[in-house]
Amino acid sequence: MPEGTLCNRQPVTTKEQLDALLADKTGKIYYEEMQHLEVDTEKLAETLQATCKSRLRTWLEICAHCGLCADSCFFYLANGKDPTQVPAYKIQSTLGEIVRKNGQVDNAHMRYCMDVAWGKCTCCNRCGTFCPYGIDMGVMFSYLRGLCFSQGFVPWELKIGSGMHRIFRAQMDVTPEDFVETCEWMCEEQQDEWPGLEIPVDKVGADILYTCNAREPKHYPEDIAEAAILFHIAGEDWTVPSEGWDQTSLTMFAGDWEGARLQVEGIYKAIERLKPKRVLGTECGHAHRATVIEGPYWVGREDGRPPVPYLHYTEWVAEALRTGKLKIDPAKRIKEPVTLQDSCNYIRNYGLKEVTREIISYIVEPGYFVEMEPCKEYNFCCGGGGGLNGIGIYRQWRNIGFKVKRDQIKATGAKLVIAPCHNCWDAIRDMEEIYELGIRWSFLKPLLLKMVIIPEHLKPKEEAEEEEE
Amino acid sequence: MYQFITGPLLWLTFIIFFGGLAFRVVWYIRGLDWRLDRVAYRAYPALGLKGALSSIIHWLIPYGSHGWRAKPLYTLVFFIFHAGLVVVPLFLAGHAVLLDERWGISWWPTISMALADTLTIGVMVTAVIILVRRLVLPEVRILTTFYDIFLILVSVAPFVTGFLVVHQVRDYTFWLYAHILSGELLLVLIPFTKLFHVVGFFLSRGQIGMDFGIKRAWKSRKGFAW
Ligand code: HEM
Ligand code: SF4
Ligand code: SF4
Ligand code: SF4
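Since the structure is predicted, the reported quantities are computational estimates derived from the model, not experimental observations.

Caption draft 1: Quick look at the coordination of the iron atom of ligand 1. Residues and elements named next belong to chain B. Around the iron atom of ligand 1, the protein supplies His82 (NE2) and His197 (NE2) as donor atoms, at distances of 1.9 to 2.0 Å. Around the iron atom of ligand 1, the six donor atoms sit at angles spanning 86 to 179 degrees, and that spread fits a shape best called octahedral. Taken together, the residues span a long stretch of sequence, with His82 in helix H6 (residues 72–91) and His197 in helix H12 (residues 197–216) at a distance of 115 residues. Residue His82 is classed as partly exposed on the basis of its relative accessible area of 21%.

This is the structure in structure tokens:
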């Protein structure tokens, strides 16, 4: 069988295809079909010719085979220093092989590539910072994912995720109508406590355009409410787009280059349409990477930057605290040992380490913040990045990988982990479920809401009176 | 024989060496693609240059980067090995004599014989350590093939033979010829093997430095902390 009905080289672009995939629970038939999926070696060779240029080829070729990258990878450490988890070995035995054979590889090799590219690498890019030549295996694995995707060798969940983006311009089946309704609903629900709270939709020329992660409207609508309340307190002139509101990119995780471009184009179109001064994304690492760091290149912006300044949520929080738009009640600061999960996506790969520490200096009582070791740009991945959190067949591998982050957190002695990234947040939640450290974990928004000083005029009438008594 | 291997053959070696390196450097730089690499090389020349220099310099200095500091012993071995590899052939008094005789370059700086000997012994000792490490540590062993061992041997051969020549063991002529030929073999192989890193190191480190300077660490005040 050259191609399966579910597992094939075509991306999902229609609702029917998507439903068929979803009906195949856990991808049973999908993975069976994959066993027989033919590799289109000609197309693979063409793709290599067009996209595998001197940087990647030189990386693969000059690798000294020195093994200095071994200890940098949390998978290697968590698996008892298994040599097959050495980043250089992983990439040489997968992409290296494809390039050396100029695409003449078989089905078994492509399935092995898939296992390694998604199940043994989260594209955290830590190894690249330890290689003397700066050979970045994370970059190469995300390239390999693109090759795998184009040949149909992609985990079931990510084939679906890519389809969701292509159909809904969101990682989940949330339509623009659903999104706007959720915003309205959240707003109404908060009116008792926050009279006058608004979530302006499609306002032109606002100071801030806010984009989020589709999980928020779908599963955690309170997050949108919290964002709205914080903007309300800070007195920001802000809005959300009815279209182009989902900043995430399972397409990026899937290696669906075309789909990733379409997703970012949708957001940039909203920017063009609504002309905000700045855009602000939610507390998500990979969404920031997709839309702000890599996205400009996908859509072909030669300056490598989004059309207007595009902040990560932590940048806005730090600014609001610095300028006094948000004021913290010193009595309510965090007074227990607390640590911070540095997201690879916007710390190692964007440089926001100072901004996040600045936030900590406002919200944690001096003396209670404990850094993980290592931290900042050298922090380890939480263990669930690169889409791994969502992939069923690699669940056990992921859970083993968690051990490194588990031990890092344990060593801090902190019972609270601040995790301003959806993926990290999920990973730490799952880690707690498995390893029972007795920790709590939180985004910034709920923490801020517990300690921010609410200006008198924003309080509901009765409550304001009660407090005066 | 001597005339041939230090005459036409040497010229051929230099042509292949410099020509090969030049070709690869041009091929590398021309193959950089701002969109595929996702680095806006042209848009931020200042950030790019700063990033590239910072990346190269931190990694050229012993213990100058997080990576080198993470492996203190290996770093020591590595720098002793490379100090000899780079300094001895370029600044050996015996080589300078040839430069003067052949091309009349008389201003070329040289090092003392004692230093040359020390560095050469350093190369030979560290080469053994590197070889043993390759075979003993599982994480290096899994990456090692005959190719790697072969290249270490080729890299060290001119040093071993040169050492024997200078110290006048028996068979002077044999070792001299072996020295010259192994040196020529090394030079010919450099552009076409992983030894291309002699130049490739600077290209590759420069590129990743630009990546971090322009894109991946541009929000950090001091750039990426290598
Ligand atoms: C300025 C010039 C050079 C720089 C910056 C440089 C840098 C490096 C780096 C970063 C590595 C990888 C780390 C390692 O394997 O230890 C390496 C390995 C190596 N280099 Fe160089 N190198 C230079 C010149 C040379 C020269 C001239 C030779 C020999 C002719 C050489 C031979 C080797 C060998 C054989 C290895 C592999 C060691 C092993 O097998 O583990 N290098 N070099
Ligand atoms: S550290 Fe770099 S050169 Fe050494 S094995 Fe790893 S990728 Fe190759
Ligand atoms: S990118 Fe991260 S997970 Fe992937 S090989 Fe490198 S260190 Fe390991
Ligand atoms: S989930 Fe978090 S820690 Fe893991 S790769 Fe993504 S940003 Fe990094």
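Caption draft 2: Unusual backbone geometry, seen in detail. A:Pro374 follows A:Glu373 through a cis peptide bond whose omega is -10 degrees. With respect to the helices and strands, A:Pro374 occurs in the loop between helix H18 (353–363) and helix H19 (395–412). Backbone geometry places A:Arg169, a non-glycine residue, at a positive phi of 55 degrees. A positive phi angle is found at B:Asp171, which is not glycine, with a value near 60 degrees. Looking at where B:Asp171 falls in the secondary structure, it is placed in the loop between helix H10 (146–166) and helix H11 (172–189). Judged by its relative accessible area of 53%, B:Asp171 is exposed.

Caption draft 3: Region of the structure containing the pairing of strand E3 (residues 278–281) of chain A. Residues and elements named next belong to chain A. Across four bridges, strand E1 (residues 208–211) lies against E3 in parallel orientation. The residue of E3 that forms the bridge with Leu209 is Val279. As for the winding sense of the linkage, the β-α-β connection from E3 through helix H15 (residues 285–298) to strand E4 (residues 310–311) is right-handed.

Caption draft 4: How the structure looks around the site of ligand 3. Residue and element names in this part refer to chain A. Ligand 3 sits among Cys73, Phe74, Pro87, Lys90, Cys121, Thr122, Cys123, Cys124, Asn125, Cys127 and Gly138. Here ligand 3 is seated within the largest cavity. Grouping the constituent residues of the shell around ligand 3 by class yields seven nonpolar, three polar and one charged.

Caption draft 5: View of empty space enclosed by the protein. Residues and elements named next belong to chain A. Within this structure, the stated rule accounts for five cavities of 30 Å³ or more. Taken as a whole, the largest cavity spans an internal volume of roughly 100 Å³. In terms of lining, the largest cavity is formed by 16 residues, of which the most central are Cys73, Lys90, Cys121, Cys124 and Cys127. For the lining of the largest cavity, the secondary-structure elements that each account for two or more residues are helix H5 (74–78), helix H6 (87–100) and helix H8 (137–150). Tallied by class, the residues present in the lining of the largest cavity amount to ten nonpolar, three polar and three charged. Empty space within the second largest cavity amounts to approximately 80 Å³. If you go around the second largest cavity, you meet 13 residues; those closest to its centre are Cys63, Ala64, Cys66, Cys69 and Cys131.

Caption draft 6: Examining the packing of aromatic side chains more closely. Throughout the structure, instances matching the rule amount to 34 aromatic pairs over all chains. On the numbers, 6.4 Å between centres and 70 degrees between planes, the contact of A:Tyr133 with B:Phe201 is edge-to-face. Of this pair, A:Tyr133 sits in the loop between helix H7 (107–119) and H8 while B:Phe201 sits in helix H12, each in a different chain. Across the pair, B:Phe201 and A:Tyr133 agree in class, each one buried. Each ring, one from A:Tyr210 and one from A:Trp238, has its centre 6.1 Å from the other, and the planes form 80 degrees; the classification is edge-to-face. One end of the pair, A:Tyr210, is in strand E1; the other, A:Trp238, is in strand E2 (residues 238–239), and 28 residues separate them in sequence. Taken together, the aromatic side chains of A:Phe130, A:Tyr378, B:Phe212, B:Phe224 and B:Trp226 make up a single cluster linked through ring pairs. Directly above the ring of A:Trp397 sits A:Lys120, whose terminal nitrogen or CZ lies 5.5 Å from the centroid. Positioned over the ring face of B:Trp226 is B:Arg205, at 4.7 Å from the centre of the ring.

Caption draft 7: Up close: the site of ligand 4. All names here are of chain A. In the vicinity of ligand 4, the residues found are Gln341, Ser343, Cys344, Asn345, Cys381, Cys382, Gly385, Cys421, Asn423 and Cys424. In a pocket analysis with a 2 Å cut-off to the grid points, ligand 4 is assigned to the second largest pocket. If you list the elements that add at least two residues to the shell around ligand 4, you get helix H17 (344–348) and helix H20 (422–435). Of the residues assigned to the shell around ligand 4, the class counts are five nonpolar, five polar and no charged.

Caption draft 8: Structural view of the layout of surface pockets. Within this model, the second largest pocket holds a volume of roughly 850 Å³. Each residue belonging to the lining of the second largest pocket can be placed in one class, and the counts come to 17 nonpolar, 14 polar and 13 charged.

Caption draft 9: Just the side chain of A:Asn107, in detail. Within the element layout of this structure, A:Asn107 appears in helix H7. Of the polar contacts made by the side chain of A:Asn107, one reaches the backbone oxygen of A:Leu37; its length is 2.7 Å.

Reading the values: rules and limits
Residues numbered from 1 in each chain as written. Chains lettered and ligands numbered in written order. Predicted model: local features only at pLDDT ≥ 70, side-chain atom pairs only at ≥ 80, totals over all residues. Heavy atoms only, no water. Donors = N, O, S within 2.8 Å, 3.2 Å for Na, K, Ca; no water. Tetrahedral: all angles 85-135°; square planar, octahedral: opposite > 155°, others 65-115°. Helix = DSSP H or I, 4+ residues; strand = E, 2+ residues; numbered from the N terminus. Buried < 20%, exposed > 50% of the residue type's maximum accessible area, 1.4 Å probe, protein only. Pairing = 2+ DSSP bridges. Right-handed = clockwise from strand over helix to strand, strands pointing away. Near = heavy atom within 4 Å. 1 Å grid on protein atoms, 1.4 Å probe; cavity = no way out; pocket = protein on both sides within 12 Å on 5 of 7 lines; lining within 4 Å. Sits in = over half its atoms within 2 Å of the grid points. Nonpolar A, V, L, I, M, F, W, Y, C, P; charged D, E, K, R; others polar. Points joined across faces, edges and corners; volume = space filled by probe spheres on them. Phe/Tyr/Trp six-rings, centres within 6.5 Å; stacked < 30°, edge-to-face > 60°. Lys NZ or Arg CZ within 6 Å of the ring centre and 35° of its normal. Polar contact = N/O pair within 3.5 Å; in protein donor to acceptor, adjacent residues only side chain to side chain.

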